[in-house]
Amino acid sequence: MTDTHCHLDYLETDELEAALYAARDFRAILTIGTDPVKNRKALEIAEKTPNVWAAVGLHPTEAERLSPELQADLGELAQHPKVRAIGESGLDFYWKPETRSAQYRALDFQAQLARSQGLPLILHVRSAKGSDAAESELAEWLLLHRPPRFVLHAYGGNLRLLEVGLELGGYVSFAGPLTYKGNDALRAAAQEVPLDRLLVETDSPFLPPEPHRGQRNHPALVRHTLERLAAVRDIPAKMLEQTTDENAQRLFGF
């Protein structure tokens, strides 16, 4: 089993220990940094835990912090052997629509860094309520920049973004919302993704799957998402587990 996206640095010490123990048999866990402090915390956890790896980056809600010093810092961290991706980067018009220009600058830099280091780029996208502007703009950005390796993290169902992502060879990762009762459209979209592009994640401690909504998420709960995805695709869960493990290995080189 593999959790391709979580934020272990958000967990308290006892909570982290319990989460890592519950996922001790996982092939791999990728913990994601989102700012200079969290990047180092993610890397510290990865260094101490054999089946944990790290991504380093600047979340779009932190994009205004980009500076020459931070660019140099990310460039240095990206060379660490435990770092297997850049990001999460992308566009977030839900929390910080006013920083759109800064988000594009941070996204462009991280895409260049990922390309130069031969690492995949992890993409986050969130629009304001009732809008799909961020998804539409990210789709156009992808067509313009064509990153060689990327994943649409916690894919939310926008069909244009899915179409472009698949056209360019991207991977699509599903999180807890796939299990939510009202998300039939998301489950329908999940049927359109080729098996060799599918990934699963928790985004823990956020987005807990059914039946754990309202609780803190952790990597071991990714199995609920995988089982629901297997049911959606009408294939055995064990077969999908092997497939998503292989996909994660191919993308991130765990």
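For the structure, see preceding data.
What counts, and at which threshold
Residues numbered from 1 in each chain as written. Predicted model: local features only at pLDDT ≥ 70, side-chain atom pairs only at ≥ 80, totals over all residues. Heavy atoms only, no water. Helix = DSSP H or I, 4+ residues; strand = E, 2+ residues; numbered from the N terminus. Rg over C-alpha atoms; globule rule 2.2 N^0.38 Å. Buried < 20%, exposed > 50% of the residue type's maximum accessible area, 1.4 Å probe, protein only. Contact = heavy atoms within 4.5 Å. Areas by Shrake-Rupley, 256 points an atom, 1.4 Å probe, with all protein chains shown as cover. Lys, Arg positive; Asp, Glu negative; His and termini not counted. Charge placed at Lys NZ, Arg CZ, Asp CG, Glu CD. Salt bridge = Lys/Arg side-chain N within 4 Å of Asp/Glu carboxyl O. Core = buried A, V, L, I, M, F, W, Y, C linked by side-chain atoms within 4.5 Å. Pairing = 2+ DSSP bridges. Right-handed = clockwise from strand over helix to strand, strands pointing away.

Student: Honestly, the overall build of the chain in this entry has me stumped. Any pointers?
Tutor: Assigned secondary structure in the chain consists of nine helices and eight strands. In summary, the chain has a C-alpha radius of gyration of 17 Å against a globular reference of 18 Å for 254 residues, a match within 12%. Across the 254 residues in the chain, those meeting the buried criterion constitute 58%. Considering only intrachain contacts with a sequence separation of at least 6, the fraction spanning at least 24 residues in the chain is 69%. Carbon and sulfur atoms make up 50% of the accessible area of the chain, which amounts to about 11100 Å² in all. Each charge class in the chain was averaged separately, 28 positive and 36 negative side chains, and the resulting centres sit 2 Å apart.

Student: Would you mind showing me how to read the pattern of salt bridges here?
Tutor: Pairing is possible between side chains of opposite charge, provided their charged atoms come close. Per the stated rule, a full pass over the model turns up 15 salt bridges. Its salt-bridge partner being Arg65, residue Asp35 comes within 3.8 Å of it at the nearest N-O pair. With Asp35 in the loop between β2 (28-32) and α2 (36-48) and Arg65 in the loop between β3 (52-56) and α3 (68-77), this residue pair connects regions lying 30 residues apart in the sequence. Several salt bridges share partner residues, and in doing so they unite Asp35, Lys38, Glu62 and Arg65 into one network.

Student: What exactly am I supposed to notice about the nonpolar core here?
Tutor: Nonpolar side chains in soluble globular proteins generally cluster together in the buried interior. Counting residues in each nonpolar core, the largest one holds 67 residues, and the members touching the most others are Leu8, Leu121, Leu142 and Phe174. Counting residues per element, this core draws most heavily on helix α4 (residues 100-117), at eight residues. Those residues in contact with Leu142, other than ones at most four positions away along the chain, are Leu123, Pro147, Phe150, Leu152, Leu161, Val164 and Leu168. Of all hydrophobic cores here, the second largest spans 14 residues; its members include Leu30, Ala85, Ala248 and Phe252.

Student: What is the right way to look at the pairing of β3 in this model?
Tutor: Side-chain positions along a regular strand alternate between the two faces of the sheet. Counted residue by residue, β3 has five buried out of five residues, so it is predominantly covered. Both faces of β3 are covered, namely the face carrying Val52, Ala54 and Val56 and the face carrying Trp53 and Ala55. Sheet topology places β2 next to β3; four bridges connect them, and they run parallel. Residue pairing in the sheet places Ile29 in a bridge with Val52 of β3.

Student: Sorry if this is basic, but what is going on with the pairing of strand β4 (residues 83-92) here?
Tutor: By the criterion of burial, β4 is predominantly enclosed, with 10 of the 10 residues buried. Relative to β4, β3 runs parallel, the two being bridged by three bridges. Counted as the bridge partner of Ala55 is Ala85 from β4. Here β4 runs beside strand β5 (residues 121-126); their pairing, made up of five bridges, is parallel. Bridged to Gly90 within β5 is His124. Between the parallel pair β4 and β5, the chain is carried across by α4, and the sense of this crossover is right-handed.

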